[in-house]
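# Structure at a glance
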Amino acid sequence: MKNIIKNISSVENKTTDSNSSLLICHAETGTVVLTIFSVRKILINYQIEGISIPPVCEAACRYLSGTPSVEKTVIKLVENQSQFIAEILSATGDKTEIVIEKQNGNLAFAFNDVMVHGGLLGNGDTVIPRDQMRCIRENSDALPVFRFNFPLQKDDRFYGLGDKGGLPNRRNRRFRMFGRDALGYDAELSDPLYKSIPFFIKHNPGSKILAGLYFPESLIDSFDFGKESPFFYSTEIPGGPASYYIFLGNNYKELLGEYYTVTGFPALPPLFSFGFFGSSMNYTEPDDAADRILRYFSEIERKEIPCEGMYISSGYLKADDGNRYAFFWNKRKFPNPREFLQPLSEWGYNLAMNIKPGILRSHPWYGELRDKGYFICDKKGEPYVEFYWGGEASFVDFANPSAREWWKSKLKENYIENGCTGIWNDNNELELEDTELDAYKDRTIYANRMAQASYEAFKEVNPDIRPWIYTRSGYAGIQAYARTWTGDNVSDWKTLKFNQYQSISLGLSGIPFYGHDLGGFFGPVPEKELLLRSCQSGVFQPRFVIHSWRENGEPTEPWTYPDIFPQVKYFIEEHYRFIPYIYDCAVEAARSGVPLDRPLFLEFPGDPGCTEAQVHSMFGPSLLKILAVEPDTSDVPVYLPAGTYWYDPKKEILLTGGSEQRVEIPWDAHRWFARAGSVIPTCPGLKNLITSLYPKVTFLIFPPAAGDTMFYRHFEDDGRHEMSSGLFSEWEIHIIPNGSEGRIELKKTAAGLSEPPEKRNFTLELPAGFSFPDGSRRTVFNPADYPLFESFSISYKGAYKYA
């Protein structure tokens, strides 16, 4: 049976207890409720008379919706013969207009007089569904299925959905919306992968259409962006509810900001997690696992490679029978885990321990956990059993408060109290196949609940310290608890290329803190050029980890090829040199949700030369990173966005945007361009990430080429405490040009952290063609000499050399 909204007779305007406004559209067959949180954030919910939503789906929707923030609006409602029209006004002057069709409840949204979503489906000559929402139910006992169709224009583009493969634009493809253990995936074509995020950005640059849509349901079957029909894009949601959020704004960053007010802003990880880490299954699988780990760190120190620690793979839990038992260390490999872990922690190494939520039936605690009801259960109330890594297993039920508390207690007892600083949630996709289970209906949020438990465990031990949580899988909102990476990628060129697109897609899905297994996790040992290019790409990524599994037992390591080891080490050292800038970008992402990797096609939406196929992207606000992702490459084409100027630090020349350049990119160097009118803080010679009060900071200053004043904010803290503690300092840098001269002003605007007793140096460094009054391109001062709000100011003069 098909159910639709018919004949809306009235629209009621009410105010809720949270001060949001409700537009309740009363129809013959149900209601359409629009919750107006602000002029930019609206929740649409269809309620069909006689159709009930399973409680587990309702609960999942509440979990995924959080508590959205509310802004005051003024609503004007008018009616004509066929429509109700609501005009929503904000104090800032923004306006959203909603057209509600009486006949079928179809909606259309215009933001500042531009129609951005909804409207008429098809035309008189197209035979397609005309109702934006339909509910299909086979019988009264069947699960309702809600189908949404929305009008599709020729040049509409769609971005987001998580770590989906392929180009960032999802147009003309269909995507499944659950997590999959995707070992060895094709980074262009495989679907689904590990993280399916039901949020996307719709953009049409020609029509100036921009909107974000978020569906807070856990049982979404798929999204189809024009694969089925050129006239509509669609989604199908078994169980419901039939609801979605629409986010409106002037650019993609504003849409992401609105999304975060619903799902949670990204949790800022500790500073050290942005450094270099070792990792390989081949360290922990053998009997001499402890010795292998210690030999790795000894080699790291002997070769003087900056390193923050290791991701410890699950081999430490692998028993002599070949099975992995959660929380049970193999005492033959590690006779006393605390005595092994604590010295590494005291030496300054951070360890993230791999843990999996599946409890094998042969696990020593299986019977106890079964009797306590801590597992996901089947319809008979018995532990549900599914195939898992190593055999049949049941899964800890993180929706059960008692089970969640038990899990947290074991994390504390086995890891946190023994000196581990991080938890690595792995194999947490929960690939259930029994569709009758309640747990099947909300399986997509399983990884979120597991990450939340890990996050809470760390916060309960150290409330003011930022947890270091990694997760392989996740759903909308995962960014509030954990970092992630793109899983078990392949050591080939295609994967290297499409992993870069995944970087962009994750950022546009609300997950700014991503990473890739450099060199590839699965497959043959990467060839020399592939390993070098992969490590090149890691210089400007928020995670620099070489992680692998090789059947022959030999991991990929920085010194896998002795003749290219100096180049690999150089890339790691360059990553550390740019850590002050990377960390500034991370702080900005945590505060506002702006991605670290910023696609040119959305940063410069009016430039047709910026396309989705370009692998190069902005990294933060100041830097265009240049990548080589094809074999036998010595130079690459780079399109420079129009309307700005770009400085090439290698050739020391200024390039005009709107042109394509051939850029040499040798094996032993990495290339990047700076945006004219920007600042990039660096720390030459940085060796560890204990604190972001770096001993010396060199601010690379690139004066504006067109005369506009520019501004940059630099952040400093101990790398560990929550920003809410106030234990941080901030510096504002203003560059004020005046023809061939100008002035740089730097002042501390927040001083919650005291200067260390050791003297520090700040260096301002100008590009070629510019100088300070003494004729040099560099000036040095001690930041301790400038207390809160007292400016260091210096003039400069000069001009760029143009290409």
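Residues numbered from 1 in each chain as written. Predicted model: local features only at pLDDT ≥ 70, side-chain atom pairs only at ≥ 80, totals over all residues. Heavy atoms only, no water.

### Section: the side chain of serine 509
- If you trace the backbone, serine 509 turns up in the loop between α10 (493–508) and α11 (528–538).
- Among the polar contacts made by the side chain of serine 509, one reaches the main-chain amide nitrogen of glycine 162 at a distance of 2.7 Å.
- For serine 509, the residues in contact, after removing those within four places along its chain, are Gly160, Leu161, Gly162, Ile197, Phe199 and Tyr259. (Helix = DSSP H or I, 4+ residues; strand = E, 2+ residues; numbered from the N terminus. Polar contact = N/O pair within 3.5 Å; in protein donor to acceptor, adjacent residues only side chain to side chain. Contact = heavy atoms within 4.5 Å.)

### Overview of the environment of valine 145
- Tracing the chain through its elements places valine 145 in strand β12 (residues 145–151).
- Along the backbone, valine 145 and glutamate 392 are 247 residues apart, and their C-alpha atoms lie at a distance of 31 Å.
- Residue contacts for valine 145: discarding those within four places in its chain leaves Arg134, Cys135, Ile136, Glu236, Ile237 and Pro238.

### A closer look at the sheet that holds strand β46 (residues 791–798)
- As summarised here, the arrangement of the 5 strands in space is β40-β41-β42-β46-β44, forming an open sheet in which the pairing is antiparallel. The open sheet has two free edges, formed respectively by β40 (710–717) and β44 (770–771), since each of these has just one partner strand.
- Bridge count between strand β42 (residues 741–751) and β46: 7 bridges; the pairing is antiparallel. Counterpart to glutamate 745 in the pairing with β46 is serine 793. (Pairing = 2+ DSSP bridges.)

### Describing the nonpolar core
- Membership of the largest hydrophobic core comes to 241 residues, with the highest contact counts inside it found for Leu34 and Tyr415.
- When residues of this core are assigned to their parent elements, the largest contribution, 9 residues, is made by helix α13 (residues 579–592).
- Once you skip the residues sitting within four places of it in the chain, leucine 34 turns out to touch Ser21, Leu22, Leu23, Cys25, Ile42, Leu43, Ile44, Ile98, Leu107 and Phe109.
- Judged by nonpolar contacts, the second largest core, of 13 residues, contains Ala182, Tyr185, Leu496 and Leu530. (Core = buried A, V, L, I, M, F, W, Y, C linked by side-chain atoms within 4.5 Å. Buried < 20%, exposed > 50% of the residue type's maximum accessible area, 1.4 Å probe, protein only.)

### Comments concerning helix α2 (residues 252–263)
- Compared with the 16 Å implied by 1.5 Å per residue over 12 residues, the 17 Å span of α2 between its first and last C-alpha is a close match.
- Counting buried positions along α2 yields 10 of 12 residues, so the element is predominantly enclosed.
- Among the residues of α2, those classed as buried are Tyr252, Leu255, Leu256, Gly257, Glu258, Tyr259, Tyr260, Thr261, Val262 and Thr263.
- Structurally, the start of α2 carries an N-cap: the backbone nitrogen of lysine 253 is 3.0 Å from a side-chain oxygen of asparagine 251.
- Once α2 ends, the next one or two residues include glycine 264, with phi positive near 105 degrees. (Expected span 1.5 Å × (residues − 1).)

### A few points about the pairing of β12
- In terms of burial, β12 is a largely internal element, 6 of the 7 residues being buried.
- Where strand β11 (residues 133–136) and β12 come together, 4 bridges link them in antiparallel fashion. Across the sheet, residue isoleucine 136 finds its bridge partner in β12, namely valine 145.
- For β12 and strand β18 (residues 232–238), the ladder comprises 7 bridges, and the chain directions are antiparallel. Bridge assignment links phenylalanine 150 to a residue of β18, and that residue is tyrosine 233.

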